[in-house]
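Spelled out, the chains give:
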Amino acid sequence: MSNPNKPLLPPPVPAPDLSVSLGRLRLPNPILVASGTFGYGREMVGFVALDRLGGIVPKTITQLPRRGNVPWRTVETSAGLLNSIGLDNDGIEAFLKNQLPWLKQCGAPVIVSIAGATQPEFVQMADQLEGVPGIAALELNISCPNVSHGIDLGTDPEMCRRVVAGVRGVTKIPVIAKLTPNVTDIVAIAKGAQDGGADAITLINTCQGIAVDWRRRRPMLGNVIGGLSGPAIKPIALRCVYQVRQALDIPIVGVGGILSIDDCMEFFVTGASAVQIGTANFADPRASMNLLAALPGALAEMNATRMTDLIGSLMAGAGAPAGELQKAAGNQTHAS
Ligand SMILES: Cc1cc2nc3c(=O)[nH]c(=O)nc-3n(C[C@H](O)[C@H](O)[C@H](O)COP(=O)(O)O)c2cc1C
């Protein structure tokens, strides 16, 4: 006989489908870690279950080793971090020998970030990586503010198109162009990347800024100008995602100031198919894992069962923030 006191359990809720597609690249979930903020992965082993990440973007590599810029190379600011690392890395040969073999056994898609000093150098590096097992995609860093040639290629739509097209011409690996916000018209640059054949674009790299020690009358960074990251730039990154999503169809990876699951959801709703966690990794190396754990709950709150239910679902017109209308109504009652 059935027990009448036994509570009726609700049917189990199926786990949401967290997978996303960036053009030809399919990722198990949309939580990635951003280049330059996660080393080459080894440093994070004690904190992050690497095989659970949607993707790892290791530190950008260049053709030849680079020592990077003179110190100081990082300064904390009131709502972010200013850095001028200057693409300090051991070069592509050392990456292939020492880092990739380890990275590719981690279990997460590895998106290799490359920066050429010129368009032909980008093409040469991509050619060298073509056919190398264990590379899920290439992220073209045409947006580093901290090297002399850094953003030149990413501030002109035609140069952007030529870099992407050149890389597409020599490799079958999916290509993501990482763009700089330090431009007048982000849509024009994104269109250049799309016309060049990019599978997706990453928005955004850091915003140029400086920090000053007024007592010593000196700039704080050895390179004077650096790239600002962290919470201060989230509205800029969201604006870039918004403008590109409104104008073009290319998949977008959102990055800039993401700390919380609310930040992630803002990017998804605005039009990003995936997000990268950057500066937050320095404040809390477990940040990416915490966000991944919180994602199913946030989807459920929106009655979404798949990421695609959410991506780009931003509605037209401003609405009062959730709860504000009720609060305003309450205040009115008290006031009257
Ligand atoms: C210390 C530091 C180093 C970075 N190095 C790189 C890099 O090598 N390549 C790159 O594409 N972006 C680099 N970035 C930019 C980040 O990947 C990211 O685009 C940017 O910081 C914005 O995201 P966030 O506000 O979440 O950090 C670096 C950022 C920081 C803070």
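Provided above is the structure to which this section pertains.
Residues numbered from 1 in each chain as written. Predicted model: local features only at pLDDT ≥ 70, side-chain atom pairs only at ≥ 80, totals over all residues.

Engineer: Account for the overall build of the chain, with residues named and values stated.
Structural biologist: Per the secondary structure count, the chain includes 9 helices and 16 strands. Taking 2.2 N^0.38 as the reference for a compact globule, 336 residues should give roughly 20 Å; the C-alpha atoms of the chain span a radius of gyration of 21 Å, in line with that estimate. Overall, the chain is about 75 × 55 × 40 Å in size when its C-alpha atoms are taken along their principal axes. Out of the 336 residues in the chain, the part that is buried amounts to 47%. In the chain, the proportion of contacts linking residues at least 24 apart, taken out of those at least 6 apart, comes to 71%. (Helix = DSSP H or I, 4+ residues; strand = E, 2+ residues; numbered from the N terminus. Rg over C-alpha atoms; globule rule 2.2 N^0.38 Å. Buried ≥ 20, exposed ≤ 12 C-beta atoms within 10 Å, placed from the backbone. Contact = placed C-beta atoms within 7 Å.)

Engineer: Tell me about helix α2 (residues 119-129), and name the residues and values.
Structural biologist: For an α-helix, 3.6 residues make a turn, and residues three or four places apart therefore share a direction. Inspection of α2 places Phe122, Val123, Met125, Ala126 and Leu129 among the buried residues, and these make up the whole buried set. Projected down its long axis, α2 carries its buried residues within an arc of 165°, all on one side. Among the structural elements, α1 (92-103), β7 (111-114), β8 (137-141) and α3 (157-170) are those in contact with the buried residues of α2. (Arc of directions from axis to C-beta.)

Engineer: So what's going on with the site of the ligand? Residues and values would help.
Structural biologist: Near the ligand lie 26 residues; those nearest to it are Ala34, Gly36, Ser229, Gly278 and Thr279. Among the residues forming the shell around the ligand, the class breakdown is 9 nonpolar, 15 polar and 2 charged. (Near = placed C-beta within 6 Å. Nonpolar A, V, L, I, M, F, W, Y, C, P; charged D, E, K, R; others polar.)

Engineer: Pulling in residues and values, what's your account of the sheet that holds strand β11 (residues 207-210)?
Structural biologist: One open sheet holds the 4 strands; their spatial order is β5-β6-β14-β11, and the pairing between them is antiparallel. The outermost strands of the open sheet, each flanked by one partner alone, are β5 (74-77) and β11. Strand-to-strand twist across the sheet, computed as the mean angle between neighbouring axes with direction ignored, equals 35°. Note that β5 and strand β6 (residues 80-83) share 4 bridges and pair antiparallel. Pairing of Thr77 across the sheet is with Gly80, part of β6. (Pairing = 2+ DSSP bridges. Axes fitted to C-alpha atoms, helices over the stretch in contact; angles between N-to-C directions.)

Engineer: I'd like a description of the environment of Gln119, backed by residues and values.
Structural biologist: Within the secondary structure layout, Gln119 lies in helix α2. Spatially, the C-alpha atom of Gln119 lies 19 Å from that of Glu93, the residues being 26 residues apart in sequence. When near neighbours in sequence (up to four residues on either side) are disregarded, Gln119 contacts Leu153, Met159, Arg162, Val163 and Gly166.

Engineer: Before we move on, could you go through the nonpolar core and cite the residues and values that matter?
Structural biologist: Leu138, Leu140, Ile176, Ala177, Ile201 and Val275 are the most contacted members of the largest nonpolar core, which has 92 residues in total. With near-sequence residues (within four places) excluded, Ala177 lies in contact with Leu140, Ile142, Cys160, Val164, Ala193, Ala198 and Ile201. (Core = buried A, V, L, I, M, F, W, Y, C linked by C-beta atoms within 7 Å.)

Engineer: Please provide a residue-by-residue account of the packing of α3 against helix α4 (residues 186-196), values included.
Structural biologist: The axes of two packed helices give the description: the angle between them and the distance between them. Between α3 and α4, the least distance of the axes is 7 Å, while the angle of their chain directions is 25°. Judged by the inter-axis angle, α3 sits roughly parallel to α4. In the crossing of α3 with α4, the sense of the turn from one axis to the other is right-handed. Taken together, the residues of α4 that come into contact with α3 (itself represented by Pro157, Glu158, Cys160, Arg161, Arg162, Val163, Val164, Ala165 and Arg168) are Ala188, Ile189, Lys191, Gly192, Ala193, Asp195 and Gly196. (Parallel < 35°, antiparallel > 145°, perpendicular 65-115°, else oblique. Left-handed = near helix turned anticlockwise from the far one by under 90°.)

Engineer: Explain the sheet that holds strand β15 (residues 252-255) to me, using residue names and the numbers behind them.
Structural biologist: Reading across the sheet, the 8 strands line up as β4-β3-β16-β15-β10-β9-β8-β7 and stay open at both edges, with parallel pairing between neighbours. If you trace the sheet from one side to the other, it starts and ends with β4 (55-56) and β7, each paired once. Pairing of β8 with strand β9 (residues 175-179) involves 4 bridges; the strand directions are parallel. By the bridge assignment, Leu138 is partnered in β9 with Val175.

Engineer: Please set out α3 residue by residue, giving values where relevant.
Structural biologist: In this model α3 runs 21 Å from its N-terminal to its C-terminal C-alpha over 14 residues, within 8% of the 20 Å that 1.5 Å per residue would give. Those residues of α3 lying buried are Cys160, Arg161, Val163, Val164, Gly166 and Val167. (Expected span 1.5 Å × (residues − 1).)

Engineer: Before we move on, can you summarise the packing of helix α6 (residues 261-270) against helix α8 (residues 287-301) with the specific residues and values?
Structural biologist: Where α6 meets α8, the axes come as close as 9 Å, and the angle between the chain directions of the two elements is 60°. By the criterion of interaxial angle, the relationship of α6 to α8 is oblique. Note that α6 runs across α8; the crossing there is right-handed. Contacts from Ile261, Cys264 and Met265 of α6 reach α8 at Leu291, Ala294, Leu295 and Ala298. Across the contact of α6 with α8, the residue classes break down as 7 nonpolar, no polar and no charged.

Engineer: Go over the pairing of strand β14 (residues 225-229) with me, naming the residues and quoting the values.
Structural biologist: Most of β14 is tucked away: 4 of the 5 residues are buried. When β6 meets β14, the two strands line up antiparallel, connected through 3 bridges. Residue pairing in the sheet places Asn83 in a bridge with Gly227 of β14.

Engineer: Got a sec to walk through unusual backbone geometry? Specific residues and values, please.
Structural biologist: Residue Pro71 is joined to Trp72 through a cis peptide bond whose omega torsion reads -10°. Mapping Trp72 onto the fold places it in the loop between β4 and β5. A cis amide bond links Leu203 with the next residue in sequence, Ile204, at an omega value of 20°. If you trace the backbone, Ile204 turns up in the loop between β10 (200-203) and β11. Phi is positive for Leu87, close to 55°, though the residue is something other than glycine. Considering the arrangement of structural elements, one finds Leu87 in the loop between β6 and α1. In this structure Leu87 comes out as buried when scored by C-beta crowding, with 22 C-beta atoms within 10 Å. Unlike most non-glycine residues, Asn303 shows phi in positive territory, near 55°.

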